[in-house]
Amino acid sequence: QVRLVESGGGLVQAGGSLRLSCAASGSIFSINAMDWYRQAPGNQRELVAAITSGGSTNYADSVKGRFTISRDSAKNTVYLEMNSLKPEDTAVYYCNAKIRVVLLPGLYDYWGQGTQVTVSS
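Residues numbered from 1 in each chain as written. Predicted model: local features only at pLDDT ≥ 70, side-chain atom pairs only at ≥ 80, totals over all residues. Heavy atoms only, no water.

> In this structure, what is going on with the overall build of the protein? I would like to understand it.
Secondary structure assignment for the protein yields 0 helices and 11 strands. Of the regular secondary structure in the protein, the N- to C-terminal order runs β-β-β-β-β-β-β-β-β-β-β. Rg of the C-alpha trace for the protein: 14 Å, near the compact-globule value of 14 Å for 121 residues, within the 12% margin. The C-alpha extent of the protein, read off along each of the three principal axes, is 50 × 25 × 25 Å. (Helix = DSSP H or I, 4+ residues; strand = E, 2+ residues; numbered from the N terminus. Rg over C-alpha atoms; globule rule 2.2 N^0.38 Å.)

Given below as structure tokens:
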């Protein structure tokens, strides 16, 4: 059993900041990539930021220079620091992780439950 639990969402004014956290727990052998996605009403889920086990990062063009993804491998936790927030950043943010589970072969895809981020103008 593996769980991803997100926290840190909320309501913020445009120009403000929020920090999201996502902690993985359970029968984890190792974690490869950890990513943040978001989905606004009526839109498809989109990749916001990704970080590999080695620390390489990738960002959507819409958030480059404003968002920073990081991870604490010892805590199996990934973070998303969001600055200069805009109303168009409003969405449910989801954490995703590619995890090797103890005693099972292969990589498994896990998702968090999502956390709402609302940016008011």
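> Explanation requested: the pattern of salt bridges in the structure shown.
Opposite charge on two side chains permits pairing when their charged atoms draw close. What the rule picks out here adds up to 7 salt bridges. Residue Arg38 pairs with Glu46 through a salt bridge whose shortest N-O separation is 2.7 Å. Exposure remark for Arg38: the relative accessible area of 7% places this residue in the buried category. When salt bridges that share partners are traced, they join Arg38, Glu46, Arg66 and Asp89 into one network. (Salt bridge = Lys/Arg side-chain N within 4 Å of Asp/Glu carboxyl O. Buried < 20%, exposed > 50% of the residue type's maximum accessible area, 1.4 Å probe, protein only.)

> Help me out: how do you make sense of the environment of Gly26 in this one?
Tracing the chain through its elements places Gly26 in strand S3 (residues 18-26). Put simply, Gly26 and Gln1 are 25 residues apart on the chain and 5.5 Å apart in space, counted from C-alpha to C-alpha. Discounting chain neighbours no more than four positions away, the residues touching Gly26 are Gln1 and Val2. (Contact = heavy atoms within 4.5 Å.)

> Can you walk me through the state of the cysteines in this structure?
Simply put, the disulfide is a covalent bond whose two ends are the sulfur atoms of two cysteines. Per the counting criterion, the structure on display carries 1 disulfide. Note that Cys22 is cross-linked by a disulfide to Cys95, the S-S spacing being 2.2 Å. Looking down the S-S bond of the Cys22 and Cys95 bridge, the torsion is -80 degrees, so its handedness is left-handed. Of the two residues, Cys22 sits in strand S3 while Cys95 sits in strand S9 (residues 91-101), which places them 73 residues apart along the sequence. Accessibility assignment for this pair places Cys22 and Cys95 in one class, buried. (Disulfide = S-S within 2.5 Å.)

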